[in-house]
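Structural description and commentary
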Amino acid sequence: MSQINQFGQHIGDALIDWQPCQHPERVTLKGRTCSLEPLRVAHANALFSAYQQAEDTRSWTWLLREPDASSEEFTAWVASVSALADPIHFAVIDNKTHAPVGTLALMRIDAKNGVVEVGHVHFSPRLSRTPMSTEAQYLLMRYVFETLGYRRYEWKCNSLNEPSRRAALRLGFQYEGRFRQALVIKGHNRDTDWFSIIDSEWQGIARAFQNWLAADNFTDDGEQKKSLERWRKAID
């Protein structure tokens, strides 16, 4: 509900105790199936090998960069971003093999207003469509909302990137709209779709994640018994 000021104008609710949030740090976040570690050059060779397991380069289509031609090129990129304050890149580590299998980042960090975006998501075939890929997203969300106290967590993607749009909705993000002709990427127009989760939604979303990620939600063959969306609807 909005409030009304002395001029009869509707204004937003007062945030009496609001203080700017802490800037995210390069922390390690541990889960049941995977962990997130700050991206380092030491991860580069294994990550490049994991990405090379793909049959083609379609996973690069929606990224801002073209595929790296060699491990040396990829290592140079990792070195160039590993110390940045924004974005902060994380490597996703498979807890069974202790190998890095993908990356994602916190970016467009606005600590003053408690807003941050998840982006630069690049999952190798060893990570895509596995419980680890969901837990990696959950670990980063939990850090943002529960440790840092942010109010808004954003997901943005090319409007033509249907897998990313479906992933956002599956993870609990709300679609907010389309920014037309927002960017020029690799010589092509990009309309950008915006999604978000806000802090008042987080508790229910977190419980759905926890229920879905629980070991007893999977068969011995690794098949889910109940989808993340169904868990979320049961909680709502």
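Residues numbered from 1 in each chain as written. Predicted model: local features only at pLDDT ≥ 70, side-chain atom pairs only at ≥ 80, totals over all residues. Heavy atoms only, no water.

**Some details on the packing of helix H1 (residues 44–51) against helix H2 (residues 71–81)**
The contact between H1 and H2 brings their axes to 9 Å, and the two run at 125°. Taken as axis vectors, H1 and H2 run oblique relative to one another. By crossing handedness, the relation of H1 to H2 is classed as right-handed. For the pair H1 and H2, the contacting residues are Ala-44, Asn-45, Leu-47, Phe-48 and Tyr-51 in the first and Ser-71, Phe-74, Thr-75 and Val-78 in the second. (Axes fitted to C-alpha atoms, helices over the stretch in contact; angles between N-to-C directions. Helix = DSSP H or I, 4+ residues; strand = E, 2+ residues; numbered from the N terminus. Parallel < 35°, antiparallel > 145°, perpendicular 65-115°, else oblique. Left-handed = near helix turned anticlockwise from the far one by under 90°. Contact = heavy atoms within 4.5 Å.)

**Concerning the packing of aromatic side chains**
Any two aromatic rings considered together are summarised by their centre-to-centre distance and by the angle between their planes. Applying the stated rule across the entire model yields 13 aromatic pairs. Centre to centre, the rings of Trp-155 and Phe-173 are 5.3 Å apart; their planes meet at 55°, and the pair counts as tilted. With Trp-155 in strand S8 (residues 152–158) and Phe-173 in the loop between helix H4 (162–171) and strand S9 (174–185), this residue pair connects regions lying 18 residues apart in the sequence. Residue classification places Trp-155 among the buried positions, given a relative accessible area of 7%. The class for Phe-173 is buried, based on a relative accessible area of 2%. When the centroid spacing of 5.0 Å and the interplanar angle of 80° are considered together, the rings of Trp-212 and Phe-218 count as edge-to-face. Side by side, Trp-212 and Phe-218 carry an identical accessibility label, which is buried. Between Arg-65 and the ring centre of Trp-77, over which it is positioned, the NZ or CZ distance is 4.1 Å. Seen from the ring of Trp-231, Lys-226 lies directly overhead, with NZ or CZ sitting 4.1 Å from the centre. (Phe/Tyr/Trp six-rings, centres within 6.5 Å; stacked < 30°, edge-to-face > 60°. Buried < 20%, exposed > 50% of the residue type's maximum accessible area, 1.4 Å probe, protein only. Lys NZ or Arg CZ within 6 Å of the ring centre and 35° of its normal.)

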